2 protein chains.
Amino acid sequence: MNNTTLKQIANTLGYSISTVSRALKHHPDISVKTREKILELANTLDYEPNAFAVHLRTQNSKVIGLMVPAIFNYFYESFISSIEEECRKNGYALMILQTANDPAIEADNLKIFRQNRVTGLFACISAKTKTLEDYQKLTDQNIPVVFFDIVPEENALNKVCMADEKAASLAAEALHAANKKNIIGVFGDPLMSITQKRLAAFENYMQSKKAKLTIIHSNNSNDAEQAVSELLNSSLKVDAIFCMSDELLIGVMKAVQINGLKLKSDIGLIAISNGFVPKLYYPQVTYIETSGHKLGKLAFTQLMACLSGSPAVNELIVESVLIQGGSL
Amino acid sequence: MNNTTLKQIANTLGYSISTVSRALKHHPDISVKTREKILELANTLDYEPNAFAVHLRTQNSKVIGLMVPAIFNYFYESFISSIEEECRKNGYALMILQTANDPAIEADNLKIFRQNRVTGLFACISAKTKTLEDYQKLTDQNIPVVFFDIVPEENALNKVCMADEKAASLAAEALHAANKKNIIGVFGDPLMSITQKRLAAFENYMQSKKAKLTIIHSNNSNDAEQAVSELLNSSLKVDAIFCMSDELLIGVMKAVQINGLKLKSDIGLIAISNGFVPKLYYPQVTYIETSGHKLGKLAFTQLMACLSGSPAVNELIVESVLIQGGSL
DNA sequence: AATGTTTCCGCAAACCTTTGCGGAGATAAA
DNA sequence: TTTATCTCCGCAAAGGTTTGCGGAAACATT
């Protein structure tokens, strides 16, 4: 572990540590000649400031935390990818932890974030999170938290999320425009606020158009496949399916393929999605875009605003847009 | 930033800092009574040790670095997810950076890792990486590097990767067993060693079986879709397709669907894959599994071995296995 | 020649924790 | 009573950096 330190440079050159430190960051107090000498030696010695010492001294970690249920997820990937990009551009490092939707792990993770004195945190609460007090501890320590995607109900929090109601009603609108009247709606865990919002908006629109709606709730793609398959083989008349997420869409597409149905001619399909899954099929599945990438940019901006002392607590929304495929 | 420190606890209780420090980690020198008092106060004050101070003092960061071309990738996700799991279990935090296959960004990232004095690093070199000297700087500082998936040619390095040759010949074997004779092989960038290995093994086996082979190289799923579509519509006789990666498989499946072909009856298909993409379709695509998850576990074990002082530089291989679908 | 300004640099404290060493008091052994 | 052994705790240094303040030398101004 022969890392070069300021001290080493200072000693070999006969300057003080403070002079070296200042020279390295082009402080005007240091003469050009001295600076050059110091920079040169630092360079040949591959000097890198010890981040721990810097952070300890400056009380600023330049590390941002990110917590998601699972990295391995069509939506979060693009969010993460987008955040990482912004972090690097702005000189932050990114620390990522997964909760696996387990509140115990979630609490552990928050502790790790606190220990590492992250500058800020992006958090997607696990579906089963009951209390926010562990998050509160962070904000008590002036560590801003920006919740994204799956966010708590409470008001006085920073949140960025998709326009859930809007996305669901856009989908409903598209189904109506395509003259679909007998519809299966595939939704996720009824306890999640995201499910509730999307379901409410979807039902609301559909009722106003007098469509016949069959709602099912599935926790994963396998469940969705099973449930939809059963319905398709029952006496129920179905002319279209709506999926509230990519995960569920995968199951539904499996069911569609297994039953030998052709999209559009045999059955209509629309989903709320990040875009990756719908494009795997031909014809492409028509979807309402919820861009993790855009959400990431927005979340980062919000966190930066918090860090620069903006007191405003915000709830920001990324608008959704209909992407035409060939499935409706 | 009212973080509680050892000093605060010590002062309010009238003990010295060292006593508090020891009590908190159950050092036998401290009496039970004292320890209890200290633990209690620490608890109500939500004391968390300042990771920077700890790391600075102990010279051990407990942070592990991970660098990939892109997080948003079917293979790397599962690798990352697996690594994150192990890290958390072992008390390490994980710092993730993307290279976007840009050597300049790659160098920047390595600098960030050095500054943060990561305990170890998992690295997947970008396709265009020319020199390893930036990596060398890390190993010079006793930071072990484990290369994974796309690894340098050099010998004296820690590497974990898939059994590339074996995977390709397994696929070839399966094609032969299914009596396929006119085959399109879809491969990636011919400059990547992973492509070369897989191609060589595949061609080698096929030649021995006198199969008619048409090889194409594509850089992404769109290219693959285009190229395969053209071939399918040409006069070429084709009874099966082989894809060396998930990315390419997506394109090929698009072409298959667009041309209205049925897997197995119209055309055979086999891929080397992580498993996620093949399972999206029905029938499921038969594939040779290259598990990012397993690779992650292996890589982690190897890094731990390095950290515990094992001098052995290793090249480890994850064996591949055929997963039967319905596409052959 | 005396005073005021710059220019350039070093001192030392602070950030928070860990840990070797030593020491005071209490208990046990002789 | 003296000596040896424990028990429990504090001192102080170290890890690498940043930064307010002060000071010596050089220069410019009267």
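Residues numbered from 1 in each chain as written. Chains lettered and ligands numbered in written order. Predicted model: local features only at pLDDT ≥ 70, side-chain atom pairs only at ≥ 80, totals over all residues. Heavy atoms only, no water.

## Details of the overall build of chain A
- Looking only at helices and strands, chain A features 12 helices and 12 strands.
- Taken against the 2.2 N^0.38 rule, which gives 20 Å for 328 residues, the C-alpha radius of gyration of chain A at 26 Å runs more than 25% over that of a compact globule.
- Taken across its 328 residues, chain A has 55% of its residues classed as buried.
- In chain A, 71% of the contacts between residues at least 6 apart in sequence involve partners at least 24 apart.
- Carbon and sulfur atoms form 50% of the exposed surface of chain A, whose accessible area is close to 14100 Å². (Helix = DSSP H or I, 4+ residues; strand = E, 2+ residues; numbered from the N terminus. Rg over C-alpha atoms; globule rule 2.2 N^0.38 Å. Buried < 20%, exposed > 50% of the residue type's maximum accessible area, 1.4 Å probe, protein only. Contact = heavy atoms within 4.5 Å. Areas by Shrake-Rupley, 256 points an atom, 1.4 Å probe, with all protein chains shown as cover.)

## Topic: the domain arrangement of chain A
- Partitioning chain A into domains gives domain 1 (6-49), domain 2 (62-161 + 293-319) and domain 3 (164-291).
- Taking only C-alpha atoms, the centre of domain 1 of chain A and the centre of domain 3 of chain A are 63 Å apart. (Domains from an automatic or database assignment.)

## A short note on the interface of chain B and chain A
- Contacts between the two partners involve 54 residues from chain B and, on the opposite side, 53 residues from chain A.
- Looking at the side of chain B facing chain A, the largest losses of area belong to Glu-48, Phe-52 and Arg-117 of chain B, adding up to 14% of the total buried there.
- Remark: the boundary between chain B and chain A carries 4 salt bridges.
- Notably, a salt bridge pairs Glu-48 of chain A with Arg-114 of chain B, separated by 3.8 Å at the nearest N-O pair.
- Connecting chain B to chain A are 24 residue pairs in polar contact (both at pLDDT 80 or more).
- Breaking the side of chain B that touches chain A down by element, the ones donating at least two residues are helix H4 (51-58), helix H5 (74-89), strand S2 (93-98), helix H6 (103-115), helix H7 (133-140) and helix H11 (246-258) of chain B.
- Across the side of chain B that touches chain A, the residue classes break down as 24 nonpolar, 17 polar and 13 charged. (Buried area = accessible area lost by both parts, 1.4 Å probe. Salt bridge = Lys/Arg side-chain N within 4 Å of Asp/Glu carboxyl O. Polar contact = N/O pair within 3.5 Å; in protein donor to acceptor, adjacent residues only side chain to side chain. Nonpolar A, V, L, I, M, F, W, Y, C, P; charged D, E, K, R; others polar.)

## What about the side chain of Ser-61 of chain A?
- One can find Ser-61 of chain A in the loop between helix H4 (51-58) and strand S1 (63-68).
- Within polar-contact distance, the side chain of Ser-61 of chain A engages the backbone oxygen of Arg-117 of chain A at 2.8 Å.
- Of note is the side chain of Ser-61 of chain A, whose polar atom sits 2.9 Å from the side chain of Thr-119 of chain A.
- Among all residues touching Ser-61 of chain A, those that are not within four sequence positions of it are His-55, Asn-116, Arg-117, Val-118 and Thr-119 of chain A together with Phe-52 of chain B.

## Looking at the protein's contact with DNA strand C
- Taken together, the neighbourhood of DNA strand C is formed by 27 residues, with Thr-19 and Thr-34 of chain A together with Leu-6, Tyr-47 and Arg-57 of chain B sitting nearest.
- Take the atoms of DNA strand C that sit within 4 Å of the protein: sugar and phosphate atoms are 58% of them.
- The separation between a base nitrogen of DNA strand C and a polar side-chain atom of Asp-29 of chain A is 2.8 Å.
- Here a phosphate oxygen of DNA strand C sits 2.9 Å away from a polar atom, N or O, in the side chain of Ser-21 of chain B.
- Mapped onto the surface near DNA strand C, the elements with two or more residues apiece are helix H2 (17-24) and H4 of chain A together with helix H2 (17-24) and H4 of chain B.
- Counted by class, the surface near DNA strand C contains 9 nonpolar, 12 polar and 6 charged residues. (Near = heavy atom within 4 Å.)

## Remarks on the sheet that holds strand S8 (residues 240-243) of chain A
All names here are of chain A.
- The strand order across the open sheet built from 6 strands is S7-S6-S8-S9-S10-S12, with neighbouring strands paired in mixed fashion. Looking at which strands have only one partner, the edges of the open sheet turn out to be strand S7 (212-217) and strand S12 (321-323). Neighbour to neighbour, the strand axes of the sheet diverge by 20 degrees on average, direction disregarded.
- Both strand S10 (residues 286-289) and S12 contribute to a ladder of 3 bridges, which runs antiparallel. Counted as the bridge partner of Glu-289 is Val-321 from S12.
- Seen against the sheet, helix H9 (residues 193-208) touches strand S6 (182-187), S7, S8 and strand S9 (268-273) and runs at an angle of roughly 170 degrees to S7. (Pairing = 2+ DSSP bridges. Axes fitted to C-alpha atoms, helices over the stretch in contact; angles between N-to-C directions.)

## Some details on the sheet that holds strand S10 (residues 286-289) of chain B
Residue and element names in this part refer to chain B.
- Spatially, 6 strands are ordered S7-S6-S8-S9-S10-S12 in an open sheet, and the strand pairing comes out mixed. Only two strands of the sheet have a single neighbouring strand rather than two, namely strand S7 (212-217) and strand S12 (321-323). Neighbour-to-neighbour, the strand axes of the sheet open up by a mean angle of 20 degrees, direction not taken into account.
- One ladder, built from 6 bridges, connects strand S6 (residues 182-187) with S7; its direction is parallel. Note on S7: the bridge partner recorded for Asn-182 is Lys-212.
- Sheet strands in contact with helix H10 (residues 221-233) are S6, S7 and strand S8 (240-243), and its direction is about 150 degrees off that of S7.
- Packing against the sheet, H11 makes contact with S6, S8 and strand S9 (268-273), and its axis sits at approximately 155 degrees to S9.

## A look at the protein's contact with DNA strand D
- Near DNA strand D there are 28 residues, and of these Leu-6, Tyr-47 and Arg-57 of chain A together with Thr-19 and Thr-34 of chain B occur at the shortest range.
- One of the backbone nitrogen or oxygen atoms of Ser-31 of chain B is found 2.8 Å away from a phosphate oxygen of DNA strand D.
- Interatomic distance of 3.2 Å between a side-chain N/O atom of Arg-57 of chain B and a base nitrogen of DNA strand D.
- Contributions of two or more residues to the surface near DNA strand D are made by H2 and H4 of chain A together with H2 and H4 of chain B.
- Residues of the surface near DNA strand D, tallied by class, amount to 10 nonpolar, 12 polar and 6 charged.

## Structural notes on the environment of Leu-13 of chain B
Residues and elements named next belong to chain B.
- Relative to the elements of secondary structure, Leu-13 occurs in helix H1 (residues 6-13).
- By relative accessible area, Leu-13 is classed as partly exposed at 28%.
- C-alpha separation for the pair Leu-13 and Leu-41, spaced 28 residues apart in sequence, amounts to 8.6 Å.
- Here Leu-13 is in contact with Lys-37, Ile-38 and Leu-41, once residues within four sequence places are set aside.

## Quick word on H10 of chain B
Residue and element names in this part refer to chain B.
- Along its 13 residues, H10 runs 18 Å from first to last C-alpha, staying within 8% of the 18 Å computed at 1.5 Å per residue.
- Of all the residues in H10, the buried ones are Ser-221, Ala-224, Glu-225, Val-228, Ser-229, Leu-231 and Leu-232. End-on, the buried residues of H10 take up no more than an arc of 165 degrees, which puts them together on one face. Away from its buried face, by an angle of more than 90 degrees, H10 presents the exposed residues Asn-222, Gln-226, Glu-230 and Asn-233.
- Structurally, H10 contributes buried residues whose contacts are with S6, S7, S8 and H11.
- Measuring from the side-chain oxygen of the N-cap residue of H10 to the backbone nitrogen of Asn-222 gives 3.1 Å; that N-cap residue is Asn-220. (Expected span 1.5 Å × (residues − 1). Arc of directions from axis to C-beta.)

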